[in-house]
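Each chain is listed here by its residues.
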Amino acid sequence: MSLDLMESLPGDWRERLDPLLDPIATAALEAFVAAEYAEQTVYPPQADLFNAFRHCAYENTRVLILGQDPYHGPGQAHGLSFSVREGVRLPPSLRNIYKELAADLEIPPAGSGDLTRWADQGVLLLNAVLTVRAGDAGSHAGKGWEDFTDAAIRALNDKTDRVVFVLWGAYARKKARLITGPQHTVIESAHPSPLSAKKFFGTRPFSAVNKALVDAGRSEIDWNLA
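Calculation rules
Chains are numbered independently. Their residues run from 1 in the order of the written sequence. Where local features are concerned, this predicted model is filtered to residues with pLDDT of at least 70; where side-chain atom pairs are given and counted, the filter is 80 or more; whole-chain, interface and lining totals use all residues. As a rule here, side-chain values come from all non-hydrogen atoms in the structure, and water together with hydrogens is ignored. UniProt positions are given in the numbering used here, feature names are shortened, and annotations may be inferred rather than shown by experiment. Per the convention used, a helix needs a DSSP run of H or I reaching at least four residues, while a strand needs a run of E reaching at least two, with both numbered from the N terminus. When DSSP finds two or more bridges between two strands, those strands count as paired. Axis definition: a line fitted to C-alpha atoms, limited for helices to the stretch in contact. Angles are taken between N-to-C directions and run from 0 to 180 degrees. Contacts are assigned to residue pairs with any non-hydrogen atoms lying within 4.5 Å of each other. A simple rule labels every residue: compare its accessible area, found with a 1.4 Å probe on the protein chains alone, to the largest value its type can have, and call it buried under 20%, exposed over 50%, or partly exposed in between. Each reported salt bridge corresponds to a side-chain nitrogen of Lys or Arg within 4 Å of a carboxyl oxygen of Asp or Glu.

As recorded in an unreviewed UniProt entry, the protein chain goes by the name Uracil-DNA glycosylase, listed as coming from Actinomadura litoris. Looking at the protein chain in UniProt, the text filed under Catalytic activity (unreviewed entry) is "Hydrolyzes single-stranded DNA or mismatched double-stranded DNA and polynucleotides, releasing free uracil."

Participant: I tried to follow the UniProt feature "domain: Uracil-DNA glycosylase-like" (unreviewed entry) in the protein chain on my own but got confused; where do I start?
Facilitator: UniProt records the feature "domain: Uracil-DNA glycosylase-like" (unreviewed entry) at residues 54–213, using the numbering of this structure. Here residues 54–213 runs as 32% helix and 14% strand, with 22 Å between its end C-alpha atoms.

Participant: Please clarify how unusual backbone geometry should be interpreted in this entry.
Facilitator: What you tend to see is this: most non-glycine residues have negative phi, and most peptide bonds are trans. Of note, the bond from Y43 into P44 is cis; its omega dihedral lies within 30 degrees of zero at -5 degrees. Among the secondary structure elements, P44 is positioned in the loop between β1 (42–43) and α4 (51–55). Even without glycine at this site, F82 takes up a positive phi of about 70 degrees. Inspection of the secondary structure assignment puts F82 in the loop between β2 (63–67) and α5 (92–105). Here the phi dihedral of E106 falls at roughly 60 degrees; this positive angle occurs in a residue that is not glycine. Looking at where E106 falls in the secondary structure, it is placed in the loop between α5 and α6 (116–119).

Participant: How should I be thinking about the sheet that holds strand β5 (residues 164–168) in this particular structure?
Facilitator: Backbone-to-backbone hydrogen bonds join strands into a sheet, with any given pair of strands oriented parallel or antiparallel. Taken in spatial order, the four strands of this open sheet run β3-β2-β5-β6, and their pairing is parallel. Because the sheet does not close on itself, it has two edges, and the strands there are β3 (123–127) and β6 (185–189). Strand after strand, the sheet turns through a mean of 20 degrees between neighbouring axes, direction not considered. As judged from the four bridges shared by β2 and β5, these two strands associate in the parallel manner. Counterpart to L66 in the pairing with β5 is L167. The sheet strands contacting helix α7 (residues 145–157) are β2, β3 and β5, and the helix crosses β3 at an angle near 155 degrees. Packed onto the sheet, helix α10 (residues 205–215) meets β2, β5 and β6 and runs at close to 160 degrees relative to β5.

Participant: What am I meant to see in the environment of F201 here?
Facilitator: Relative to the assigned elements, F201 resides in the loop between α9 (197–200) and α10. Under the relative-accessibility criterion, F201 is labelled partly exposed at 33%. It is 27 Å that separates the C-alpha atoms of F201 and T180, two residues lying 21 residues apart in sequence. Here F201 is in contact with N96, K99 and E100, once residues within four sequence places are set aside.

Participant: Whenever I open this one, the pattern of salt bridges confuses me. Can you help?
Facilitator: As a working rule, side chains carrying opposite charge can pair if their charged atoms are close by. The full count for this structure, using the stated rule, is nine salt bridges. Residues D48 and R85 are paired through a salt bridge, measuring 2.2 Å at the closest nitrogen-oxygen approach. With D48 in the loop between β1 and α4 and R85 in the loop between β2 and α5, this pair connects stretches of sequence that are 37 residues apart. For K175, the salt bridge is made with D150, and the minimal N-O distance between the two is 2.8 Å. Residue K175 is located in the loop between α8 (169–173) and β6, and its partner D150 is located in helix α7; the two are separated by 25 residues in the primary sequence. There is no split in this pair, since K175 and D150 are both buried. Via salt bridges that share partners, D150, K175 and R177 belong to a single interconnected network.

The following block contains the structure:
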């Protein structure tokens, strides 16, 4: 089984990421991911691997919400950070995101955990690591995905229009070093995981994102998933 990551990327993202990536490292990542899909149960399904990029064109990206790695349970991950498919039970972090959304903007929690509607508005729901072995959180960390997704962050940093980068938790907050453009806004807080939710609650990230966009003359995100 072979896998060509760059060919699988939408063309607009491929054009932006290709100059930022080491082809030797990308080839090693391709070989690793192809072998994992061939020999193990890996999430998300290969067809969903680049859903974040497919639903959110480079030119349309206004917001980045960065996760760590995909959900590792069956039927959960579908290529968008923090999102699960329609009909899948809400993971704890997503339940807490919905609680904060309700407190922040008085938007009642959605019955579905599918965040595709956010992605289609220009919210890049990106995990730093894009694959995971079933039942083994973090199993594909340190295999090359981080360089790949760092390139996506650097590409967004190159945009002249404001992008709002939402970094939840210590892992994501380390990526702030990649965001150097003064036109951009970085919103940092604790992670919505139950382990740190007390520090996440009350941070009002959704209204902060919209204020940053409006201040730059850009339209707000409609966070309502109903």
